[in-house]
Amino acid sequence: MKDKKINQLIKLEEKRQKEGIELIPSENYASKDVRKVLSSCFLNKYSEGYPKQRYYGGNEYVDEVEILCQERAKKLFGVPFVNVQPYSGSPANLAVYLAICTPGDVVMGQALTAGGHLTHGHNVSATGIYYKSIQYTLKSQISNLNPEKADLFDYEEIKHLAKKYRPKLIWVGATAYPLKFHYEKFAKIADEIGAYLAADIAHIAGLVVGGVHPSPVPYVDIVTTTTHKTLRGPRGAMIMITPKGLKKDPQLPKKINKAVFPGLQGGPHDNQVAAIAVALYEAMQPSFKKYARQVVKNAKILAKVLSQGGLKLVGGGTENHLILIDLTSTLGAGAGIFVQKALDLVGLTLNKNTVPGESSSPFYPSGVRLGTPAATTRGMKEKEMKFIGKIILQVINLIKDYHLPANKETRQKYIESFEKKMKANREIKILRKKVKNFALRFPIP
Ligand code: DSN
């Protein structure tokens, strides 16, 4: 490669990925085939419009690719309509607003600080600027100790808000929710006020098609998803209309298509659409079901190790691919940054995250979020999860005397000094070596 600088950065990133363990629950490793198709000649094409209705010539093969991708998605998720052109999850969600709402309409979604997503109406997102957004939060404790029925949503409160503000669109879906979604409960509320119900399954799409998480399709009108998280495809997104949505509004497919193009986007990324088609093909294979099952098994065992080690897990554990650790009672409010930084130094990558009832701030949250999709793709199983869990516990124990200063002015200096000490810490260095040797045994596709 002639561009030495970029080449060097690719090599460094490759090394980082190989020698560390990726625990950010929204990340994964796409297959070699997906990566190959992403850099295929479809990268060079423009094809504004939809199959058989394009603005440019030369689209005979692009049309076939997009139709194939649509057919695979429809079959896999059991829906009558899909748009596979959104560039990623946020534009897909914005297209849903554009399709069914007018600026100023009331919309409702799970608050970002309670594990929702920016595009579910957060105040700094276009979805919270152009629409009147009502946000619901989570209970900080589970009220039902039976894990099968455990639920952090307060349906009475959601119903109360829905009846009071009468949103046109309600979102169900999250980026940091460790339990199963009970879509039928949201549907009951949305149906009562005649709202559209949209499920954002970006995090759990792979678990849904893998049969380890209930599908929202029977209960909601619209489903959006990214394609690169548990679904293990290229970065991208899809918007699906369910049979219920189609019945409610037969014009929905037209509205969604119009919102994606020309409403929000120009030409689709045809190489991305082709790579999504490949990911969907892979997700249809029996091996994918096995993968999805292992993702959840791994998350459960990792959660068990962490919880037995004295950490408090939101929801008491996990039923999906992710774990949210509430550090408030162990390291104190705002401790997420210390755990993220210290674990980064040993080669375990996760992210600081707010927790339900957050007592610090989104920039200095009191939790960390981790998950198993990427590690499972590398072939890691229960035994490996135990290893990872123990390292996490060791690191947390090492940093137990560090607490976020209440004084905002002194925070930055304190964190810098923490990082310096950690970099020089002998035990951190030993653990780094251990993680590296361990990680190298599990190749990345
Ligand atoms: N950035 C994604 C996540 O990490 O969950 C959400 O868009």
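Below you will find a few notes about this structure. By convention here, each chain's residues receive numbers from 1 onward along its written sequence. Only residues with pLDDT of 70 or above have their local features reported here, since the model is predicted, and side-chain atom pairs are shown and tallied only from 80 upward, although totals for entire chains, interfaces and linings are computed over all residues. Values reported for side chains reflect all heavy atoms of the structure, with hydrogen atoms and water molecules removed beforehand.

Topic: the state of the cysteines
As used in these notes, a disulfide is a covalent bond between sulfur atoms, one from each of two cysteines. Cysteine sulfurs are considered disulfide-paired once they come within 2.5 Å of each other. Applying the stated criterion across every chain yields a total of 0 disulfides. Summary of cysteine pairing: Cys69 is not part of a disulfide, and the nearest cysteine sulfur, belonging to Cys41, is at 16 Å. Relative accessible area serves as the criterion here: at 0%, Cys69 is assigned to the buried category. When accessible area is computed with a 1.4 Å probe and restricted to protein chains, residues below 20% of their type maximum are described as buried, those above 50% as exposed, and intermediate ones as partly exposed.

Points about helix H16 (residues 408–424)
Taking 1.5 Å per residue as the helical rise, H16 with its 17 residues ought to reach 24 Å, and the 25 Å between its terminal C-alpha atoms agrees with that figure. Secondary structure elements follow DSSP: runs of H or I no shorter than four residues count as helices, runs of E no shorter than two count as strands, and numbering proceeds from the N terminus. Buried residues of H16: Arg411, Ile415, Phe418 and Met422, and no others. Summarising the axial view, the buried residues of H16 lie within an arc of 60°, below the 170-degree limit, and thus occupy one face. In H16, the exposed positions that point more than 90 degrees away from the buried face belong to Glu409, Lys413, Lys420, Lys423 and Ala424. Residues count as neighbours in contact if any of their non-hydrogen atoms are within 4.5 Å of one another. Those residues of H16 that are buried are in contact with helix H13 (336–346) and helix H17 (426–439). The span you would expect from a helix comes to 1.5 Å times its residue count less one. Here the arc refers to the set of directions running from the helix axis out to each C-beta atom.

Observations concerning the nonpolar core
The term nonpolar core refers to a set of buried residues drawn from Ala, Val, Leu, Ile, Met, Phe, Trp, Tyr and Cys, joined through side-chain atoms within 4.5 Å. Phe77, Phe153, Val172, Ile201, Met238 and Leu280 are the most contacted members of the largest nonpolar core, which totals 65 residues. Residues Leu311, Leu313, Ala335 and Met422 belong to the second largest nonpolar core, which totals 45 residues.

What about a positive patch on the surface?
Candidate patch residues must exceed 30% relative accessible area and have no salt bridge, after which like charges are joined if within 9 Å and Val, Leu, Ile, Met, Phe, Trp or Tyr side chains if within 5 Å. Areas reported here follow the Shrake-Rupley algorithm with a probe of radius 1.4 Å; residue values treat only the protein chains shown as occluding. Put simply, a salt bridge is a Lys or Arg side-chain nitrogen that is within 4 Å of an Asp or Glu carboxyl oxygen. We score Asp and Glu as negative and Lys and Arg as positive, and we do not count His or the chain ends. To locate a charge, take atom NZ for lysine, CZ for arginine, CG for aspartate or CD for glutamate. Where like charges cluster on the molecular surface, the positive patch consists of Lys289, Lys290, Arg293, Lys297 and Lys381. If you trace the backbone, Lys297 turns up in helix H12 (residues 286–308).

A closer look at the sheet that holds strand E6 (residues 132–136)
Pairing within the open sheet is mixed, and its 7 strands lie in the order E4-E10-E9-E8-E7-E5-E6. The open sheet has two edge strands, strand E4 (81–83) and E6, and neither has a second partner. The sheet shows a mean angle of 20° between the axes of neighbouring strands, direction not considered. Two strands qualify as a pair provided DSSP detects at least 2 bridges between them. As paired strands, strand E8 (residues 196–200) and strand E9 (residues 222–226) are joined by 3 bridges and run parallel to one another. What sits directly across from Ala198, in E9, is Ile222. Against the sheet, helix H3 (residues 60–77) makes contact with E4 and strand E10 (237–241), and its axis sits at roughly 130° relative to E4, the strand it touches most. Helix H7 (residues 183–193) contacts E6, strand E7 (169–172) and E8 of the sheet and is inclined by roughly 155° relative to E8. Orientation is described by lines fitted to C-alpha atoms, with helices fitted over the stretch in contact, and by angles between N-to-C directions that extend from 0 to 180 degrees.

Some details on the pattern of salt bridges
Scanning the model with the defined rule gives 13 salt bridges in all. For Lys168, the salt bridge is made with Asp105, and the minimal N-O distance between the two is 3.5 Å. A residue pair is termed long-range when its members are at least 10 positions apart, and Lys168 in the loop between helix H6 (155–165) and E7 and Asp105 in the loop between helix H4 (89–100) and strand E5 (106–110) qualify at 63 residues. Put simply, Asp249 and Lys255 hold a salt bridge, and the shortest N to O gap is 2.7 Å. Here Asp249 falls in the buried class, since its relative accessible area comes to 8%. Among the residues examined, Lys255 registers a relative accessible area of 32% and is labelled partly exposed. Within this structure, Lys15, Glu19 and Lys436 form a network of salt bridges that share partners.

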